[in-house]
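Listed below, chain by chain, are the residues.
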2 protein chains.
Amino acid sequence: MTDKKEKILQAALKLFAEEGFRPTSTSKIAKKACVSEGLIFRHFGNKDGLLEAIIKEGEEQAKILFADIVLETEPKEVIRKFFELTSKFVNTKDREDFWKLQYKIKWEMEIYGEHKMEPLQLALTNAFKKLGYEKPELEAKLLLINMDGLATRFYLQKNFDVTELVEFMHNKYEL
Amino acid sequence: MTDKKEKILQAALKLFAEEGFRPTSTSKIAKKACVSEGLIFRHFGNKDGLLEAIIKEGEEQAKILFADIVLETEPKEVIRKFFELTSKFVNTKDREDFWKLQYKIKWEMEIYGEHKMEPLQLALTNAFKKLGYEKPELEAKLLLINMDGLATRFYLQKNFDVTELVEFMHNKYEL
DNA sequence: TATATTTGTAAGTGATTACTCACTGAATTA
DNA sequence: TAATTCAGTGAGTAATCACTTACAAATATA
């Protein structure tokens, strides 16, 4: 990975997250990355290839984040860590662009990517089962849906307090 | 409102909901509406004007839908009607394009439009207060967030069963 | 050191973009 | 009836789009 290739990825991630995929022109990316426009096509083939590279890199990071939850065996800890993740993934400036891009792309391309969340959903289902909940699968689904709703608000509504609501949600489960 | 102006609005609503605002060209809209491209600019000034007209028309319809809930005084009925709306607004083929556009536009333009939901949130807060809930405002916020999460799934994840989850959510409140 | 490969650039390409302009024909108004 | 407004068209516009190509410089390999 050369220096300029890395710069292109960073610039594209930021611009895609800000403006969306199709509305962001390759010339704008090149300018922001301080490289010639042609270099983008040398390294990534076409615009779609650039997006793919960004998403692929992000998925690696997501897997690492999820691993901590999926490998946990204590059910109450699984749920606690899930809420911890929810408020963290949304609050760390570092990865903000990446997560925002995930949702933006979802709506622009109209694909949900269920498989990414599957291990998380399974871990939660199992945790609720151990805790004796009547419908553990639906409980898990509901939590993930809450996460989508929170993300929607966090990224689109300024001055939205996530922490307050995550805490409130967490307290609804007697743990 | 002439016949052709109406056709432009309908075609634009459909295309914006399908492809997004910026990726939909005015020439494509004109073709779908079977009018000359110039007519779009005659009636709406520019592309943004066309979007504004669509959103404005939709807001009127939303107000009517919300009115039934906001005017209800019986707290349990307020919540029941809210869940009824949630599964309905998401399932009626008729208005599907409009609601889908609402979310697409939110992510494309990064504006949430909190004011639209305010009367609904107030009605829910009041209902939870009457029912003796400890934190009625947060309960109301949570319900609206659930709605956003459900919409995300419904429009982006094929084969997603809304009704099942709405019922499950509803049953969580002892009514 | 000589040769090949990779990394990078500048200047293009045709297609498409939002939008304008000069012009009709029909309906309204004076 | 004469003048004016309105709805609608089709052929333009400059700018921008994703992408290509020819070529130079740097780097790796022999």
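Here we summarise the structure given alongside this text.

Cut-offs applied
- Residues numbered from 1 in each chain as written.
- Chains lettered and ligands numbered in written order.
- Predicted model: local features only at pLDDT ≥ 70, side-chain atom pairs only at ≥ 80, totals over all residues.
- Heavy atoms only, no water.
- Near = heavy atom within 4 Å.
- Polar contact = N/O pair within 3.5 Å; in protein donor to acceptor, adjacent residues only side chain to side chain.
- Helix = DSSP H or I, 4+ residues; strand = E, 2+ residues; numbered from the N terminus.
- Nonpolar A, V, L, I, M, F, W, Y, C, P; charged D, E, K, R; others polar.
- Phe/Tyr/Trp six-rings, centres within 6.5 Å; stacked < 30°, edge-to-face > 60°.
- Buried < 20%, exposed > 50% of the residue type's maximum accessible area, 1.4 Å probe, protein only.
- Arc of directions from axis to C-beta.

Description of the protein's contact with DNA strand D
Item 1. The environment of DNA strand D is made up of 16 residues, and the closest members are Thr 26 and Lys 47 of chain A together with Lys 4, Ser 36 and Arg 42 of chain B.
Item 2. Backbone atoms, meaning sugar plus phosphate, form 52% of the atoms of DNA strand D positioned within 4 Å of the protein.
Item 3. Note that a phosphate oxygen of DNA strand D is positioned 3.3 Å from one of the backbone N or O atoms of Thr 24 of chain A.
Item 4. Between DNA strand D and Lys 47 of chain A there is a distance of 2.8 Å, counted from a phosphate oxygen to a side-chain nitrogen or oxygen.
Item 5. For the surface near DNA strand D, the secondary structure elements donating two or more residues are helix H2 (26-33) and helix H3 (37-44) of chain A together with helix H3 (37-44) of chain B.
Item 6. Considering each element in turn, the surface near DNA strand D owes the most residues, 4 residues, to H3 of chain B.
Item 7. Of the residues in the surface near DNA strand D, the class split is 3 nonpolar, 9 polar and 4 charged.

Structural notes on the packing of aromatic side chains
A ring pair, where both rings are aromatic, is described by two values, the distance of the centres and the angle of the planes.
All names here are of chain B.
Item 1. Overall, the coordinates contain 20 aromatic pairs over all chains when judged by the stated rule.
Item 2. Between Phe 16 and Phe 21 the ring centres are 5.1 Å apart and the planes differ by 70°, which places this aromatic pair in the edge-to-face class. Accessibility assignment for this pair places Phe 16 and Phe 21 in one class, buried.
Item 3. Judged by centre distance (6.1 Å) and plane angle (45°), the rings of Phe 83 and Tyr 173 are tilted. Of this pair, Phe 83 sits in helix H5 (residues 75-89) while Tyr 173 is found in the segment after helix H9 (162-171), placing the two residues 90 residues apart along the sequence.

Comments concerning helix H9 (residues 162-171) of chain A
All names here are of chain A.
Item 1. Along H9, the residues classified as buried are Val 162, Leu 165, Val 166, Phe 168 and Met 169. The buried side chains of H9 occupy one side of the element, clustering within an arc of 160° when seen end-on. Turned more than 90 degrees off the buried face of H9, the exposed positions are Glu 167 and Asn 171.
Item 2. For H9, the capping residue at the N-terminal end is Asp 161, with a side-chain oxygen 3.3 Å from the backbone nitrogen of Thr 163.

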